[in-house]
Amino acid sequence: MINPPSDTQPAWCPGCGNFLILKVFDEAVAEAGLDRRRLVLVSGIGQAAKFPHYTQANVFNGLHGRALPAATGIKLANHDLEVVVTSGDGDMYGEGGNHLLHTFRRNIGVKCFVHNNQVYGLTKGQASPTSDLGFVTKVQTRGVALEPVRPLALAILEGCSLVMRSFSGDRDHLRAMMVAAFKHTGGTVLLDILQPCVTFNRVNTFRWYKERVQPVGEAHDPTDFDAAMKLAMQWGDAIPVGVIYRSGRPSFESQQPVLEKGTLVGQFEKAAG
Amino acid sequence: MTTDLLIRVAGEAGQGVQTTGNLLVAALARMGLHVFAIKSYLSRIRGGLNWFDVRIGNATVYGGRESADVLVALTPAALDTLRPHVAEGGAIVFDADPGAADAPGGCLCVPLAAIAKETGGSAVMANAVATGAVFGLLGYDLSALTAYFAEAFRNKGDETVRANVACAEAGAQRLGGAAGGIEAPQPGGEPVSVASGTDAVGLGAATAGVKLVTAYPMTPATGVLTYLAGAADDYGIVVEQAEDEMAAINMVCGAVYAGVPALTMTSGGGFALMAEGLSLAGMHELPVVVILAQRPGPATGLPTRTAQQDLLFALHAGHGEFPRAIFAPGTPEQAYHLTRRALVIAHRFQTPVILMTDQYLADLVMDTPPLEATPKPIDRYLVAAGDDYVRYAVTDSGVSPRAAPGGQGFVLLDSDAHTADGHITEDLEAHLDQQDKRMRKVDGLTQKALAPDRYGRPDADLLLLCWGSTYGPCREAVDRLRAAGQKVAMLHFAQVWPLKPGAVRRAVGLEGDDARPPGRIVCVEGNQTSQFRTVLREAGVGVEAEPLVRYDGLPFTGEDIAERVQA
């Protein structure tokens, strides 16, 4: 048998935004004082979904598009765990679209870090749900005709409790957003992380994002639904980044009477003696 | 055969057919009669034609039959459709004023709704009048029915109890002594306890310590979801309706990874959507249990009817090769115990287990010894992860020590091919090590496999094979054929995968010291292609059988099997 050499190094292209996201993630975990033994990283499939393998944490690397229900099951079984979903735009906004919608509605305490590079990488360059109109690929040969998914607007509309956007090229901003996500206790967090794909997206490059991202001003009130929606729909010459929306809804797990007596896993162990 | 009698209550959906049937079951079982009940219903909320059969006897009744001794018809359509299926000498109770010009002939006309309104103040109590009328017709004393009303309507107040009792008495008075030649089993003895397949599965799951239940509603699996939602506070269960079946099985994967027993339930179409998740459970080595309540397909098929058509599908669902076990209970009592066993085996071998029921088993109510309701949590076979813990240590048995996240060591699962520590790999040797490790669990699963149960004569010339819910009708067929002088026996497979070939061959009579090969073997099952015969071949059992199949959406009956096997 010809056995290809195995490699424990990240399977990402040189220059991929994922490297920086990984570095910032580790910094944010340290800054938030998280106990990594209680940290569970859940992902689906794609290049971003390999992320959990390259840091120190418990890992549930599941099926394409199904990270959110798996994360939901983990959080319900043991709500003392910090459950973070880290996956790409194709996995989260495409294949897992129905789960995304209903996870926002459910508002369970799962933190979603979506590496959004507006293109499919692992399958080699097809359109993603967030590709801009007219984006040409070997499959979308005449350019994308589908209206792009607006993940932040969807999250706000369906009641996600904390909605944020950042850019992999702004380390301090991204770290601050991740720390805010870790500190949030009110339910589902969406952190959409804009990130260049150096191999397959020649349009939305590092520079393209860099010239467009604009931190939301101090004046923005994240509890103002209409103002948040307006920012969430903003795309093109100026792309707002920062804390876009806070719904103030109670988390799903905080509304389960059964969980008032502790985690399910703790209750099982108590009953089993 | 002992005396048995079948009461059929028929009307439109929403008319109280089920309520009347439930009243009859509860009251008759209290009187020490053995009861078997099954409903036949349509996929609609109002209207149509539904019926509820209550068959009673002096010994355990294992199935239904086509002919009714007493038909209670609440609508002209019910009368027209079911009249031809009333046994000779049987009685028909029809909801009409006997003095009305259009009162049908040959019926015992009782204005059920009118009496209910007059006596109880509401037409809703027509079911109490109907039940009373049947009791009167059969010459049964009303005391058990009265006691049931007192208990069931305690929270609704004395007035409700009194009104229902009065309605039942009025109904009984109308038909007292009208039975004619109908021979009714004599009540007596201790109350008989009964259970439905649905409730037995639910209680089995709750007492085994299931902590998360999630499903997308689908007939005929929804009953278990509803049961567990009702039991959630008592047993400390979170019940969540998932957005789809993919979400349901992936939530279960997440929950069992985190350390709690969890399960989901669905029917064929939903199970198809779960196939990828089932494969994930195989790869992740997670103790996932799926209750697959079958109905006829393909596609949407007949949502409220029964079938055993998904056996080969359950056996082969999911891409790739991974171990699994499949159980198929025959009675509510077995359903209770096998739900627990499904969870135990899943945890012992860290692999998916499927419990196959169907509309018939889910809905039927029959004699069942009282089922233990006290929680008795299963063993999860978990270890505590130390600093050097790896999830997929290669072992002889194929079972690696399993830990839940949150302890000292990290627990890593990957749906990709992975190394022993759970990291993604494309190293083909590591992949082979893990694939072989997983498949070694088949040996352990096979050793733990349940042998088929034998019923009937040890020196049988004719052997019937069946699995799952066909147990009851097959058993009645054996009794009928034996009464007719045939040397007959049956084997019931409550576990259909894996099979232990030697144990099956011994049970059939092909091996062992007392081997006595039957002259004829017939495989009785609810599908068109006799799928269990394929399973027997796939398992290398070396038993060939003739098929006897039914796939019209209705369950087998003992009469049906006995007649066809002799034809």
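Residues numbered from 1 in each chain as written. Chains lettered and ligands numbered in written order. Predicted model: local features only at pLDDT ≥ 70, side-chain atom pairs only at ≥ 80, totals over all residues.

**Examining the overall build of chain B**
Part 1 of the argument: Within chain B, the regular secondary structure consists of 18 helices and 21 strands.
Part 2 of the argument: Computed over its C-alpha atoms, the radius of gyration of chain B comes to 26 Å, within 12% of the 24 Å expected for a compact globule of 567 residues.
Part 3 of the argument: Based on the C-alpha atoms only, the size of chain B along its principal axes is roughly 85 × 55 × 40 Å.
Part 4 of the argument: Out of the 567 residues belonging to chain B, those deemed buried represent 59%.
Part 5 of the argument: Pairs at least 24 apart in sequence give 73% of the contacts found in chain B among residues at least 6 apart. (Helix = DSSP H or I, 4+ residues; strand = E, 2+ residues; numbered from the N terminus. Rg over C-alpha atoms; globule rule 2.2 N^0.38 Å. Buried ≥ 20, exposed ≤ 12 C-beta atoms within 10 Å, placed from the backbone. Contact = placed C-beta atoms within 7 Å.)

**Structural notes on the nonpolar core**
Part 1 of the argument: Formed by 261 residues in total, the largest nonpolar core has its most connected members in A:Ile74, B:Val35, B:Val93 and B:Val129.
Part 2 of the argument: Considering every element that reaches this core, the biggest residue donor is helix H9 (residues 245–257) of chain B, with ten residues. (Core = buried A, V, L, I, M, F, W, Y, C linked by C-beta atoms within 7 Å.)

**Details of the environment of B:Gln447**
Residue and element names in this part refer to chain B.
Part 1 of the argument: Positionally, Gln447 belongs in helix H14 (residues 428–447).
Part 2 of the argument: Given 9 C-beta atoms within 10 Å, Gln447 falls into the exposed group.
Part 3 of the argument: Each C-alpha atom of the pair Gln447 and Gly485 lies 38 Å from the other, and the pair is 38 residues apart in sequence.

**Quick look at helix H16 (residues 501–508) of chain B**
Owing to its 3.6 residues per turn, the α-helix brings residues three or four apart onto one side.
Residue and element names in this part refer to chain B.
Part 1 of the argument: By the burial criterion, the buried members of H16 are Val504, Ala507 and Val508. Buried residues of H16, seen end-on, are gathered within an arc of 100° and therefore sit on one face of the element.
Part 2 of the argument: Here the buried face of H16 lies against strand S16 (453–456), strand S17 (462–467) and strand S18 (488–493). (Arc of directions from axis to C-beta.)

**Looking at the interface of chain B and chain A**
Part 1 of the argument: Every contact between the two is made by 49 residues of chain B and, on the other side, 43 residues of chain A.
Part 2 of the argument: Every element with two or more residues in the side of chain B that touches chain A is listed here: helix H8 (222–235), H9, helix H10 (268–284), strand S15 (412–414) and H14 of chain B.
Part 3 of the argument: The element best represented in the side of chain B that touches chain A is H9(B), accounting for nine residues.
Part 4 of the argument: Residue composition of the side of chain B that touches chain A, grouped by class: 26 nonpolar, 13 polar and ten charged. (Nonpolar A, V, L, I, M, F, W, Y, C, P; charged D, E, K, R; others polar.)

**With respect to the domain arrangement of chain B**
Part 1 of the argument: Domain boundaries in chain B define domain 1 (4–175), domain 2 (195–367), domain 3 (382–448) and domain 4 (453–566).
Part 2 of the argument: Each of domain 1 of chain B and domain 3 of chain B has a C-alpha centre, and these two points are 58 Å apart. (Domains from an automatic or database assignment.)

**Things to note about H10(B)**
All names here are of chain B.
Part 1 of the argument: Here H10 contains 17 residues, and its C-alpha end-to-end distance of 23 Å stays within 8% of the 24 Å for a straight helix at 1.5 Å per residue.
Part 2 of the argument: The largest bend in H10 comes to about 50°, at Met274.
Part 3 of the argument: Burial analysis of H10 places twelve of its 17 residues in the buried class, the great majority of the element.
Part 4 of the argument: All of the buried residues in H10 are Gly268, Gly270, Phe271, Met274, Glu276, Gly277, Leu278, Leu280, Ala281, Gly282, Met283 and His284.
Part 5 of the argument: Where H10 is buried, its residues meet H9, strand S10 (262–266), strand S11 (289–294) and S15.
Part 6 of the argument: Within two residues after H10, Glu285 carries a phi angle of roughly 60°, on the positive side. (Expected span 1.5 Å × (residues − 1). Bend = angle between axes of the 7 residues up to and from the residue.)

**Re the packing of helix H7 (residues 197–208) of chain B against helix H12 (residues 332–349) of chain B**
Residues and elements named next belong to chain B.
Part 1 of the argument: Orientation of H7 relative to H12, taken along the N-to-C sense of each, is 35°, at an axis distance of 8 Å. The way H7 lies across H12 gives a crossing that is right-handed. From H7, Gly197, Ala200, Val201, Leu203, Gly204, Ala205 and Ala208 reach across to H12, where they touch Pro332, Glu333, Ala335, Tyr336, His337, Thr339, Arg340 and Leu343.
Part 2 of the argument: Taken together, the residues that form the contact of H7 with H12 break down as nine nonpolar, four polar and two charged. (Axes fitted to C-alpha atoms, helices over the stretch in contact; angles between N-to-C directions. Left-handed = near helix turned anticlockwise from the far one by under 90°.)

**Considerations on the sheet that holds strand S19 (residues 495–497) of chain B**
All names here are of chain B.
Part 1 of the argument: Pairing is mixed across the open sheet formed by seven strands, whose spatial order is S9-S8-S10-S11-S13-S12-S19. A strand with exactly one partner marks an edge of an open sheet, and here the two such strands are strand S9 (238–241) and S19. Direction aside, the axes of adjacent strands within the sheet are offset by 20° on average.
Part 2 of the argument: Looking at chain direction, strand S8 (residues 212–215) and S10 are connected through two bridges and run parallel. Residue pairing across strands places Leu212 opposite Ala262, the latter belonging to S10. (Pairing = 2+ DSSP bridges.)

**Things to note about the sheet that holds strand S3 (residues 47–57) of chain B**
Residues and elements named next belong to chain B.
Part 1 of the argument: Strand order in the open sheet formed by eight strands is S6-S5-S4-S1-S3-S2-S14-S7, and the pairing between neighbours is mixed. In this open sheet, the two edge strands, each paired with only one partner strand, are strand S6 (108–110) and strand S7 (194–196). Between one strand and the next, the sheet's axes are offset by a mean angle of 20°, whatever the strand orientation.
Part 2 of the argument: As judged from the seven bridges shared by strand S2 (residues 34–40) and S3, these two strands associate in the antiparallel manner. Directly across from Lys39, in S3, lies its bridge partner Phe52.

**Observations regarding the pairing of S2(B)**
Part 1 of the argument: Of all the seven residues making up S2(B), six are buried; the element is thus mostly covered by neighbouring parts of the structure.
Part 2 of the argument: Between S2(B) and S3(B), which pair antiparallel and follow one another directly, the connecting turn spans six residues.

**Looking at the pairing of strand S4 (residues 110–116) of chain A**
Residue and element names in this part refer to chain A.
Part 1 of the argument: Along S4, seven of the seven residues are buried, which leaves the element largely enclosed by surrounding structure.
Part 2 of the argument: Alternating positions in S4 separate into two faces, Val110, Cys112, Val114 and Asn116 on one and Lys111, Phe113 and His115 on the other, with burial throughout.
Part 3 of the argument: Direction of pairing for strand S3 (residues 82–88) relative to S4: parallel, over a ladder of six bridges. Its bridge partner lying in S4, Val85 is registered against Cys112.
Part 4 of the argument: Here S4 pairs with strand S6 (residues 189–194) via six bridges, running parallel. Across the sheet, residue Val114 finds its bridge partner in S6, namely Asp192.

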